[in-house]
Amino acid sequence: MAKELLIIGAGSGGLILSNTVARALSREIRRGEVTVTLLGDRDEYLYQPGLLYVPFDLMRPAELIRKVKELLVPCVTFMHDRATRIDPESRQVQTRSGRTLTYDYLVIATGSELDLEETPGLKEGAHWFYDLPGAIRLREALSRFQGGRVVVALGLPHKCPVAPLEFVFMLDEWARERGIREQMEIIYAFPLNRAHNIQTCADWAQSEFDKRGIQLETFFNLDSVDPVRKEVNSYEGTTLAYDLLVAVPAHKGDAVHADSGLAVQGNWVPTHRHTLKVGTYENIFAIGDATNMPTSKAGSVAHFESEVLAGNLINLLTGGGAPHQYDGKTFCFIEAGMHKATYLSFTYDQPPVPGPPSEAIHWFKQAYNRIHWMNLKGIV
Amino acid sequence: MADKVVDARGSHCPGPMMELIRAIKAAAVGQTIALWTTEAGSKKDIPLWCQKAGQEFVGVVQMDGYEEIAVKKVK
Ligand SMILES: Cc1cc2nc3c(=O)[nH]c(=O)nc-3n(C[C@H](O)[C@H](O)[C@H](O)COP(=O)(O)OP(=O)(O)OC[C@H]3O[C@@H](n4cnc5c(N)ncnc54)[C@H](O)[C@@H]3O)c2cc1C
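Because the structure is predicted, anything quoted here is derived from the model rather than measured. (Residues numbered from 1 in each chain as written. Chains lettered and ligands numbered in written order. Predicted model: local features only at pLDDT ≥ 70, side-chain atom pairs only at ≥ 80, totals over all residues. Heavy atoms only, no water.)

Novice: What exactly am I supposed to notice about the interface of chain A and chain B here?
Specialist: Size of an interface, as often reported, equals the accessible area lost when the parts are brought together. The interface is formed by 18 residues belonging to chain A together with 16 residues belonging to chain B. Area buried by chain A at its contact with chain B is led by Phe-219, Tyr-235 and Glu-236 of chain A, which between them contribute 40% of it. Linking chain A with chain B are two salt bridges, by the criterion used here. Close ionic contact of Arg-194 of chain A with Asp-45 of chain B constitutes a salt bridge, the shortest N to O distance being 3.5 Å. (Contact = heavy atoms within 4.5 Å. Buried area = accessible area lost by both parts, 1.4 Å probe. Salt bridge = Lys/Arg side-chain N within 4 Å of Asp/Glu carboxyl O.)

Below you can see the structure in the form of structure tokens.
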């Protein structure tokens, strides 16, 4: 009997993991000793970090999309279907089309999604750039924007915790370059009493806010939006009038986690921070945004976790152990405007220290945006 | 006595703060929520949040390996 690896979610984590394992075990797969199956509810992959550039018309939607099949090594079996239920006892996954898939090892890599329903009025009154239709709509709104008050309001948790900061720094420079910054106010409204949950990052952001004249509204937990009066309200009782509202609402995990009894608060999957095992199961793992781990929900985290887990799965599928442990490694580029960038690099034990932004790091991020595809294939 | 305990021990920033806010939102006016936390920043941030949100900060009690922070929903 072949050993079966099933991965749910054809995003950053799912693709890197399935390609890495399948490449290492291509001989075993050809001999019928191992199978690697990737189950994804979308047959196209969207490079989400590119969404940051869409509102400013710096990347086109078509540049961000590739067919999943083109990104997979040949010995991975791709199934375009949605997991609707996971049954750890019988080691089976049910799909929307009515199929039942079996596994020896299961990896949950289902990502995270915006919760647009939780804040009344948000869908009608706000813009966002965290999905493709939202980013395109914001591009249209910005192309018409002549000045006024922009409020950027955030919920927690959200993926890529630096993207909203990058957005306001880019917005500031975009407005200066168009000569409309004087007619504009930018307010960054954050749920905590600083601009970021990581203190060193918050300190750096604050110094950039001061330089650029961006106002910080602290302890602002999104409560409701009044699209008619153009006001956004916080649970703490603050009301901000806006001309343009850009929201990054809190995210949630996929419904299949709760439907399978595998979810904690927020629909996240309870995952061990070092072994990546789910709950008490020895043969179920989770990577990327879907977990409840104390990491950033970032593509780099999904990538580093995939490398660790691939090492363990390659061993497990060929009769070995699982010695590799994830140490919280995270790496994030941060655009500090249109022409310079910095980065954060950290682990569970070492907090990040942002360095001074430079043009070289900006070009490095731009280059990465173009070679990301090779990363997914496990080439870079 | 708290009406509800939110056990956020082991959870990192901003976990405890977000869990407390969620519990306060769900509570009835007059109820007290006790947050159990091991995250150092909670003790400093929660009184400030109470001030801004107009809720009553009841106090912090040092327990065995964690802190209990009590907040009363007054509006
Ligand atoms: C605007 C923006 C900017 C960003 N910038 C950066 C950055 O600069 N650096 C960085 O590191 N990260 C960045 N990120 C975050 C990064 O894109 C995500 O953290 C990363 O994609 C997470 O990978 P994942 O595999 O966990 O989830 P995803 O890549 O989101 O993939 C999850 C996949 O699972 C599928 N799925 C979900 N449920 C099911 C189901 N039940 N059955 C089958 N399939 C399912 C989904 O459709 C999706 O295809 C950014 C994100 C955004 C939105």
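The discussion continues.
Novice: What is the right way to read the domain arrangement of chain A from this model?
Specialist: Residues and elements named next belong to chain A. Partitioning chain A into structural domains gives domain 1 (3–111 + 254–329) and domain 2 (115–251). For domain 1 and domain 2, the distance between their C-alpha centroids amounts to 31 Å. On the domain 2 side, the residues contacting the 16 residues of domain 1 number 21 residues. The junction of domain 1 with domain 2 conceals about 1600 Å² of combined surface from both sides, 76% of it contributed by carbon and sulfur atoms. (Domains from an automatic or database assignment.)

Novice: Help me understand the packing of helix α4 (residues 132–144) of chain A against helix α5 (residues 163–178) of chain A in this model?
Specialist: The packing of two helices is summarised by the inter-axis angle and the distance between the axes. Residues and elements named next belong to chain A. Following both chains from N to C, one finds α4 and α5 inclined at 30 degrees, their axes separated by 12 Å at the closest point. Classed by the angle they form, the pair α4 and α5 counts as roughly parallel. Seen from above, α4 lies across α5 with right-handed handedness. Two secondary-structure elements touch here, α4 through Leu-138, Leu-142 and Ser-143 and α5 through Phe-167, Leu-171, Trp-174 and Arg-178. Looking at the contact of α4 with α5 residue by residue, the class counts come to five nonpolar, one polar and one charged. (Axes fitted to C-alpha atoms, helices over the stretch in contact; angles between N-to-C directions. Helix = DSSP H or I, 4+ residues; strand = E, 2+ residues; numbered from the N terminus. Parallel < 35°, antiparallel > 145°, perpendicular 65-115°, else oblique. Left-handed = near helix turned anticlockwise from the far one by under 90°. Nonpolar A, V, L, I, M, F, W, Y, C, P; charged D, E, K, R; others polar.)

Novice: Which parts of the structure should I look at to understand the site of the ligand?
Specialist: Residue and element names in this part refer to chain A. Residues in contact with the ligand amount to 33 residues; listed here are only the nearest, Gly-13, Asp-41, Asp-289, Gly-299 and Ser-300. Within the side chain of Gln-48, a nitrogen or oxygen atom sits 3.0 Å from an oxygen atom of the ligand. A distance of 3.4 Å is found between an oxygen atom of the ligand and a side-chain nitrogen or oxygen belonging to Lys-365. Here the ligand has 1000 Å² of accessible area as a free molecule, and 94% of this is covered by the chains. Listed by contribution, the elements that provide at least two residues to the shell around the ligand are α1 (12–24), β2 (34–40) and α8 (299–317). Its residues assigned to classes, the shell around the ligand comprises 14 nonpolar, 11 polar and eight charged. Composition of the shell around the ligand by domain shows at least three residues from each of domain 1 (3–111 + 254–329) and domain 2 (115–251). (Near = heavy atom within 4 Å. Polar contact = N/O pair within 3.5 Å; in protein donor to acceptor, adjacent residues only side chain to side chain. Areas by Shrake-Rupley, 256 points an atom, 1.4 Å probe, with all protein chains shown as cover.)

Novice: Where do I start with the sheet that holds strand β7 (residues 92–95) of chain A in this structure?
Specialist: Sheet strands associate in pairs through backbone hydrogen bonding, adopting either a parallel or an antiparallel arrangement. All names here are of chain A. One open sheet accounts for three strands, arranged β6-β7-β8; its pairing is antiparallel. Among the strands making up the open sheet, the edge pair consists of β6 (83–87) and β8 (100–102). The mean inter-strand angle of the sheet, taken between neighbouring strand axes irrespective of direction, is 25 degrees. Where β6 lies against β7, four bridges are found, and the strand directions are antiparallel. Bridge pairing in β7 links Asp-87 to Gln-92. (Pairing = 2+ DSSP bridges.)

Novice: Got a minute to help me understand the environment of Asn-315 of chain A in this structure?
Specialist: Residue and element names in this part refer to chain A. Along the chain, the position of Asn-315 falls in helix α8. On a C-alpha basis, the gap between Asn-315 and Leu-25 in space is 9.9 Å, while along the polypeptide they are 290 residues apart. Sequence-distant contacts of Asn-315, that is, excluding residues within four places in its chain, are made with Gly-320, Gly-321, Pro-323 and His-324.

Novice: Can you walk me through the packing of α1 of chain A against α8 of chain A in this structure?
Specialist: Residues and elements named next belong to chain A. Look at α1 against α8: their axes get within 9 Å of each other, and the N-to-C directions meet at 35 degrees. In this structure, α1 crosses over α8, and the sense of that crossing is right-handed. Taken together, the residues of α8 that come into contact with α1 (itself represented by Gly-13, Ile-16, Leu-17, Thr-20, Val-21 and Ala-24) are Ala-302, His-303, Ser-306, Leu-309, Ala-310, Leu-313, Ile-314 and Leu-317. Residues belonging to the contact of α1 with α8 are distributed by class as follows: 10 nonpolar, four polar and no charged.

Novice: Can you help me understand the sheet that holds strand β4 (residues 67–72) of chain B in this one?
Specialist: All names here are of chain B. If you trace the four strands from one edge of the open sheet to the other, you get β1-β2-β4-β3, paired in mixed fashion. Since the sheet does not close on itself, it has two edges, and those belong to β1 (4–7) and β3 (56–62), each with one partner. Geometrically, the sheet is characterised by an average inter-axis angle of 20 degrees between neighbouring strands, direction not taken into account. As defined by bridge partners, β3 adjoins β4 across six bridges and the pair is classed as antiparallel. When the sheet's bridge partners are listed, Gln-62 is paired in β4 with Glu-67.

Novice: Please clarify how helix α1 (residues 15–26) of chain B should be interpreted in this entry.
Specialist: An α-helical turn contains 3.6 residues, so a residue and the one three or four places further along point in the same direction. Residue and element names in this part refer to chain B. Under the 1.5 Å per step criterion, the end-to-end length of α1 is 17 Å for 12 residues, consistent within 8% with the ideal 16 Å. Listing the buried residues of α1 in full gives Gly-15, Pro-16, Met-17, Met-18, Leu-20, Ile-21, Ala-23 and Ile-24. Against the buried residues of α1 lie β1, β2 (32–37), α2 (42–53) and β4. (Expected span 1.5 Å × (residues − 1). Buried < 20%, exposed > 50% of the residue type's maximum accessible area, 1.4 Å probe, protein only.)

Novice: Just checking my understanding: could you explain the packing of aromatic side chains for this structure?
Specialist: Evaluated as defined, the whole model comprises 16 aromatic pairs over all chains. Look at Phe-169 of chain A and Phe-209 of chain A: their rings are 5.9 Å apart centre to centre, the planes differ by 65 degrees, and that puts the pair in the edge-to-face class. In this pair, Phe-169 of chain A is assigned in helix α5 and Phe-209 of chain A in helix α6 (residues 199–212), connecting sequence segments 40 residues apart. Classification of Phe-169 of chain A by relative accessible area gives buried; the value is 0%. Classification of Phe-209 of chain A by relative accessible area gives buried; the value is 0%. Aromatic pair Phe-331 of chain A and Phe-333 of chain A: ring centres 5.0 Å apart, planes at 85 degrees, arrangement edge-to-face. We classify Phe-331 of chain A as partly exposed; its relative accessible area is 29%. These aromatic residues form a ring-pair network of at least three members: Phe-56, Phe-129, Tyr-130, Phe-167 and Trp-174 of chain A. Between Arg-9 of chain B and the ring centre of Tyr-66 of chain B, over which it is positioned, the NZ or CZ distance is 4.6 Å. (Phe/Tyr/Trp six-rings, centres within 6.5 Å; stacked < 30°, edge-to-face > 60°. Lys NZ or Arg CZ within 6 Å of the ring centre and 35° of its normal.)

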